[in-house]
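A look at the structure
For reference, the chains in residue letters:
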Amino acid sequence: MTEWELIELLKLKDNGAFKIIVDTWQDMVYNTVLGILQNEEDAEDVSQEVFIQVYESIKSFKGDSKFSTWIYRIAVSKSLDHLRKKKRKKRFAFIQSLFGKDEELIHDPPDFFHPGIVLENKENAAVLFKAIAALPQNQNIAFVLNKVEGLTYQQISEVMELSESAVDSLLQRGKKKLIENLENYYRYNK
Amino acid sequence: MQSKVESSRIENTLSILDKVQRATPQPFFYTRLAARMNKSQQNIWELFSAYITRPSIAFSGIFLIVIINIMAAWLNLKTPVIAEESEAAVTEEYTQLATNFYDFENIKP
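Thresholds applied
Throughout, a residue's number is its position along its own chain's written sequence, starting from 1. Written order decides the labels, with chains lettered from A and ligands numbered from 1. In keeping with the model being predicted, local features are shown solely for residues with a pLDDT of at least 70 and side-chain atom pairs are shown and tallied solely at 80 or more, while totals for entire chains, interfaces and linings include all residues. Helix and strand definitions here come from DSSP, where helices need a minimum of 4 consecutive H or I residues and strands a minimum of 2 consecutive E residues; each element is numbered from the N-terminal end. Whether a residue is buried, exposed or partly exposed is read from the other C-beta atoms within 10 Å of its own C-beta, which are placed from the backbone; 20 or more gives buried, 12 or fewer gives exposed, and intermediate counts give partly exposed. Throughout, a residue-residue contact means that the two C-beta atoms, derived from backbone geometry, are no farther apart than 7 Å. Start and end points for every domain follow an automatic or database-based domain assignment. Each residue is assigned to one class: nonpolar for Ala, Val, Leu, Ile, Met, Phe, Trp, Tyr, Cys and Pro, charged for Asp, Glu, Lys and Arg, and polar for all the others, Gly among them. For the purposes of this analysis, a nonpolar core is taken to be any set of buried Ala, Val, Leu, Ile, Met, Phe, Trp, Tyr and Cys residues that are connected through C-beta atoms within 7 Å. Only C-alpha atoms enter the line fits that serve as axes; for helices the fit covers just the stretch in contact. Angles between N-to-C directions range over 0 to 180 degrees. Take the far helix as your reference; a near helix turned counterclockwise from it by less than a right angle gives a left-handed crossing, and one turned clockwise gives a right-handed crossing.

In this section: the overall build of chain B. Assigned secondary structure in chain B consists of seven helices and zero strands. When the helices and strands of chain B are placed in sequence order, the string is α-α-α-α-α-α-α. Buried residues in chain B amount to 6% of all 109 residues.

For chain A, the helix and strand inventory stands at eight helices and zero strands. Reading chain A from its N terminus to its C terminus gives the helix and strand order α-α-α-α-α-α-α-α. Over its C-alpha atoms, taken along the principal directions, chain A stretches across nearly 55 × 45 × 35 Å. Burial status across chain A gives 29% buried among its 190 residues. Taking the contacts inside chain A whose residues are at least 6 apart along the sequence as the reference set, 56% of them involve residues at least 24 apart.

With that settled, the discussion passes to the domain arrangement of chain A. By a frequent convention, interface size equals the accessible area lost on bringing the separate parts together. Residues and elements named next belong to chain A. Assigned domains of chain A: these are domain 1 (1-109) and domain 2 (111-190). Computed over C-alpha atoms, the centres of domain 1 and domain 2 are 20 Å apart. Facing twelve residues of domain 1, the contacting portion of domain 2 comprises eleven residues. Taken together, the elements giving at least two residues each to the side of domain 1 that touches domain 2 come down to helix 2 (15-37) and helix 4 (67-98). Broken down by class, the residue content of the side of domain 1 that touches domain 2 amounts to four nonpolar, seven polar and one charged.

A word on the interface of chain B and chain A. Contact with chain B, which involves 21 residues of that partner, is made by 28 residues of chain A. The element contributing the most residues to the side of chain B that touches chain A is helix 3 (residues 29-40) of chain B, with six residues. Looking at the side of chain B that touches chain A residue by residue, the classes come out as ten nonpolar, six polar and five charged.

Its identity is not glycine, yet Gln38(A) carries a phi of approximately 55°, on the positive side. Judged by local crowding, Gln38(A) falls into the buried class, with 21 C-beta atoms found within 10 Å. Positive phi is not limited to glycine here, since Phe28(B) has a value of about 65°. Along the chain, the position of Phe28(B) falls in the loop between helix 2 (16-19) and helix 3. Under the C-beta neighbour-count criterion, Phe28(B) is labelled exposed, with 10 such atoms within 10 Å.

Attention now moves to the nonpolar core. Membership of the largest hydrophobic core comes to 45 residues, with the highest contact counts inside it found for Val33(A), Val50(A), Ile132(A), Ala142(A) and Leu145(A). Only helix 2, helix 3 (40-56), helix 4, helix 5 (122-133), helix 6 (137-148), helix 7 (153-160) and helix 8 (164-188) of chain A together with helix 3 of chain B provide two or more residues apiece to this core. Among the elements that take part in this core, helix 2 of chain A stands out by supplying nine residues, more than any other. Discounting residues that sit within four places of it in the chain, Val33(A) has contacts with Ala43(A), Val46(A), Ser47(A), Val50(A), Ala75(A) and Ser79(A).

Further remarks concern the environment of Ile52(A). All names here are of chain A. Locating Ile 52 in the fold gives a position in helix 3. When the 16 C-beta atoms within 10 Å are taken as the criterion, Ile 52 is described as partly exposed. Between the C-alpha atoms of Ile 52 and Phe 18, which are 34 residues apart in sequence, the distance is 9.9 Å.

Orientation of helix 3 of chain A relative to helix 3 of chain B, taken along the N-to-C sense of each, is 65°, at an axis distance of 10 Å. The hand of the helix 3 of chain A/helix 3 of chain B crossing is right-handed. Residues Gln48(A), Phe51(A) and Ile52(A) of helix 3 of chain A form the contact with helix 3 of chain B, whose own contacting residues are Arg32(B), Leu33(B), Arg36(B) and Met37(B). Grouping the amino acids of the contact of helix 3 of chain A with helix 3 of chain B by side-chain chemistry returns four nonpolar, one polar and two charged.

Shown next as C-alpha cells:
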C-alpha cells in the first residue's frame, strides 16, 4: 500500500491504515520527542498525543509537504507545548509554596540517559544532553533534528519552515553555545 | 582559555552525538495508544457525571444551594407586609373586574 493510499484511508477513519501509520512512524516520532523532552515517560505520552492529532486532523493534510514532514511538525509543536506546560506548572507550584500551600515543589529532573547511547558514554552523554536542553529553543530543535534524528539541513528547513541557510546558522550558533555550556560545566565540575 | 585536556574532553563529549542510536518506544505502543483513544471517546454524560461527583464540585454545589435557600428565606421574612398588601389589591381588582356570568352569580363565597 502506498503512502497516499494510507492517507486516503485514514481520512475515512480506517483503523487498519492508522495502525500501519503508527507502526511506520512511531520510532521517528518517539526519538524526536524524546530528544526534545529528555524524559521517557513524557516522550511516550506526547508521542501518543502526536498520533491522536494525526488521526484527528488528517483531513487538513493537503499534501503540500511530505507526510513525514507534517508528522515531524506536529511532534515538535506538541513537545514545545508540553515543555511550556511543564514550566508553567513548575512556576505555579513555586508560587503556591511561597503562600505556604502544602504542594510539593517540582524539582529539576534527574540526569537524562538516552537509551540509544552505549553504557560507557552514559555519564558524558548526560552532561551533553543537559547542555543541549540549555540551548535556546530554535537551536535546540535544530540540533535534535540534525544530531539525534539525523535529518539533513533541507529536511530540517522543511520541518521548521526556515531557509537552509537559517538552519545552517542555527546549528553553527547552537554548536558554539553548546561548547560554551560544556566548558562552563567542566570548569566547575573538575 | 581552554586547556588541551578540557578541549579534548569537550570534543570527546560532542563525538557521542555521532554514535547515538535511535530510541524506540516500549513494545505494544499501538495497543496503549488505541486504549487511550477509546478512553477519550467516553460518553459525554459519563464525563459530566464524573465531573459533578468530584468532591470539590459536589460540595461546592451543595454549599451554593444552601446559601441560595438561606438568602431566599431571609428576603421573604423581610417583606411579608408588602406581599400581602399587593395580594389584597390584586384580589380586589379581580373582584371588580369580574366579567363573566358565573362571577356575577357567585359573588359571595
